[in-house]
Amino acid sequence: MRARRLTRALLACGAAAPALFILVFLLDGATRAGYDPTYHPVSALSLGERGWLQIVNFVLTGLLLLAFAVGMRRALHPGSAGTWGPVAVAVFGLGLLLSGTFVMDPMRGYPPGTSRGGGGGDPSWHHMLHDNLGLVVFLSVPLACVVLARRSLGRPGGRGWAAYDLLSGVAGLGLLVAFGTAWEVDHRSAGLIQRAMILVDWAWVTVLALRLLIGLRNPAGRSAAPTGRGGRRADPVGDLRAQPRSRLPGTELPNGR
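Summary of the structure given here. (Residues numbered from 1 in each chain as written. Predicted model: local features only at pLDDT ≥ 70, side-chain atom pairs only at ≥ 80, totals over all residues. Heavy atoms only, no water.)

1. Here's the deal with unusual backbone geometry
At step 1: A cis amide bond links H77 to the next residue, P78, at an omega of 5°.
At step 2: By the secondary structure assignment, P78 is in the loop between α2 (51-76) and α3 (84-101).
At step 3: A cis geometry characterises the amide bond from Y110 onward to P111, with omega recorded as 0°.
At step 4: Locating P111 in the fold gives a position in the loop between α3 and α4 (125-153).
At step 5: For R108, which is not glycine, the phi torsion reads 55° and is therefore positive.
At step 6: With respect to the element layout, R108 can be found in the loop between α3 and α4.
At step 7: A relative accessible area of 16% places R108 in the buried class.
At step 8: In the Ramachandran plot, D186 falls in the positive-phi region, its phi being about 60° despite a non-glycine side chain. (Helix = DSSP H or I, 4+ residues; strand = E, 2+ residues; numbered from the N terminus. Buried < 20%, exposed > 50% of the residue type's maximum accessible area, 1.4 Å probe, protein only.)

Shown next as C-alpha cells:
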C-alpha cells in the first residue's frame, strides 16, 4: 500500500508540472516591460531583473518531471514502454532543469535596451548549450509519444489513445520545425509558435500522467479474484493443499493412521 501511494505521488508530479510551467511563464510574460509573448521565446524570461523566476520555473518543472519519470518506471515496468518511456521523460525533465541553469544571451530587443541582433559577436557557450538543450527537450516528447503509442495499441480499447499519442508527437515535431524556421528568419510570430508547441507537448504529458494514475487505481485486465471467508482473496492452490488427502477404500492404517 505504501509503495502504491509513493507511485501515485510521483505520477501526480507529471500532472502538476506542465500546468505550473505554463502558468508561470504566461503570467510573468504578460507583466514584463518590453517583453512580447508573440515574438520573444519563453527562455528570454530568464533574463533581466526578474529572470530568477523563470530560472526557478525551469528547474522546478525539471525536477517534477524527473520524479514523474520514476513514477512511470514503477507503474509501467516490466510491461511495454516500461524502459524507454521513462527514459524519454527523464531526458525531457533533465533538459528543462539544465535549460534554467544555462541561460540564453540577451537578443532580439530583450531585455529592453538590447539591440535587435543581440550583444554583438559570437554567442556565449551557455547560450549555445541552452539552444542544444532546447532541441533535446522538444525531441524527447515526440519520442515518448511514439513509445507510449505502442503501449496503447497493445491494450484493450487503446487505439484511440494510440492515435492521440501519435498525433501529439507529429504535431510537436511539426511545430518544432516551424518554430526553428521562424526563429532563424526573425519572424514576428516565433514566440507564438513556440507557445503552441509547448501547449501540445505539455498537454500530452499531463494526459499521460492522468491516464497512468487512473490505470493505477483500476488496472486494466486485472479481474477481481473471488474472496473467501472474512473478505480474504481465495487461493485455489492453497485451498487444495489444505484439504486432507483422500485414501482408497481398504488402505486405512490401524489406529486411524
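What follows picks up the thread again.
2. Concerning the nonpolar core
At step 1: Within the largest apolar cluster, 52 residues are counted, with the highest numbers of intra-cluster contacts made by F68, M72, F92, L148, W202 and W204.
At step 2: Elements supplying a minimum of two residues to this core: α1 (2-30), α2, α3, α4, α5 (159-184) and α6 (190-217).
At step 3: The element contributing the most residues to this core is α6, with eleven residues.
At step 4: Apart from residues lying up to four places away in sequence, W202 is in contact with P18, F21, I22, T61, F92, L96, V137 and F138. (Core = buried A, V, L, I, M, F, W, Y, C linked by side-chain atoms within 4.5 Å. Contact = heavy atoms within 4.5 Å.)

3. Topic: the packing of α2 against α6
At step 1: Contact geometry for α2 and α6: axes closest at 11 Å, N-to-C directions at 40°. As the angle between them shows, α2 and α6 are arranged oblique. Between α2 and α6 lies a crossing of left-handed hand. On α6, the residues touching T61, L65, F68, M72 and L76 of α2 are W202, V205, L208, A209 and L212. (Axes fitted to C-alpha atoms, helices over the stretch in contact; angles between N-to-C directions. Parallel < 35°, antiparallel > 145°, perpendicular 65-115°, else oblique. Left-handed = near helix turned anticlockwise from the far one by under 90°.)

4. A short note on a nonpolar patch on the surface
At step 1: Residues W84, V87, V91 and V136 make up a contiguous nonpolar surface patch of about 360 Å² in total accessible area.
At step 2: Here the nonpolar patch takes three residues from α3, the largest share from any one element.
At step 3: Summarising the element assignment, V87 is placed in helix α3.
At step 4: A residue is classified by how much of its surface remains accessible, and V87, at 36% relative accessible area, is partly exposed. (Patch = residues over 30% accessible without salt bridge, like charges linked within 9 Å, V, L, I, M, F, W, Y side chains within 5 Å. Areas by Shrake-Rupley, 256 points an atom, 1.4 Å probe, with all protein chains shown as cover. Salt bridge = Lys/Arg side-chain N within 4 Å of Asp/Glu carboxyl O.)

5. Let's talk about the layout of surface pockets
At step 1: Each pocket or cavity is described by its volume, and for the second largest pocket that value is around 480 Å³.
At step 2: At the level of elements, α3, α4, α5 and α6 are the ones that each hand at least two residues to the lining of the second largest pocket.
At step 3: At seven residues, α4 tops the list of elements feeding residues into the lining of the second largest pocket.
At step 4: Among the residues forming the lining of the second largest pocket, the class breakdown is 14 nonpolar, seven polar and two charged. (1 Å grid on protein atoms, 1.4 Å probe; cavity = no way out; pocket = protein on both sides within 12 Å on 5 of 7 lines; lining within 4 Å. Points joined across faces, edges and corners; volume = space filled by probe spheres on them. Nonpolar A, V, L, I, M, F, W, Y, C, P; charged D, E, K, R; others polar.)

6. Some thoughts on the pattern of salt bridges
At step 1: Tallied over the entire structure, the rule returns five salt bridges.
At step 2: Of the charged contacts in the structure, one is a salt bridge between D28 and R50, with a shortest N-O distance of 2.5 Å. You can see D28 sitting in helix α1 and its partner R50 sitting in the loop between α1 and α2, a full 22 residues away along the chain.
At step 3: According to the relative accessible area criterion, R50 is partly exposed, its value standing at 31%.
At step 4: Measuring nitrogen to oxygen at the nearest pair gives 2.9 Å for the salt bridge that ties D165 to R211. Here D165, found in helix α5, pairs with R211, found in helix α6; they are 46 residues apart in sequence, far enough to count as distant.
At step 5: Overall, D165 belongs to the buried group, its relative accessible area being 0%.
At step 6: R211 sits in the buried class, given a relative accessible area of 16%.
At step 7: One network of salt bridges, with partners in common, ties together D28, R32 and R50.

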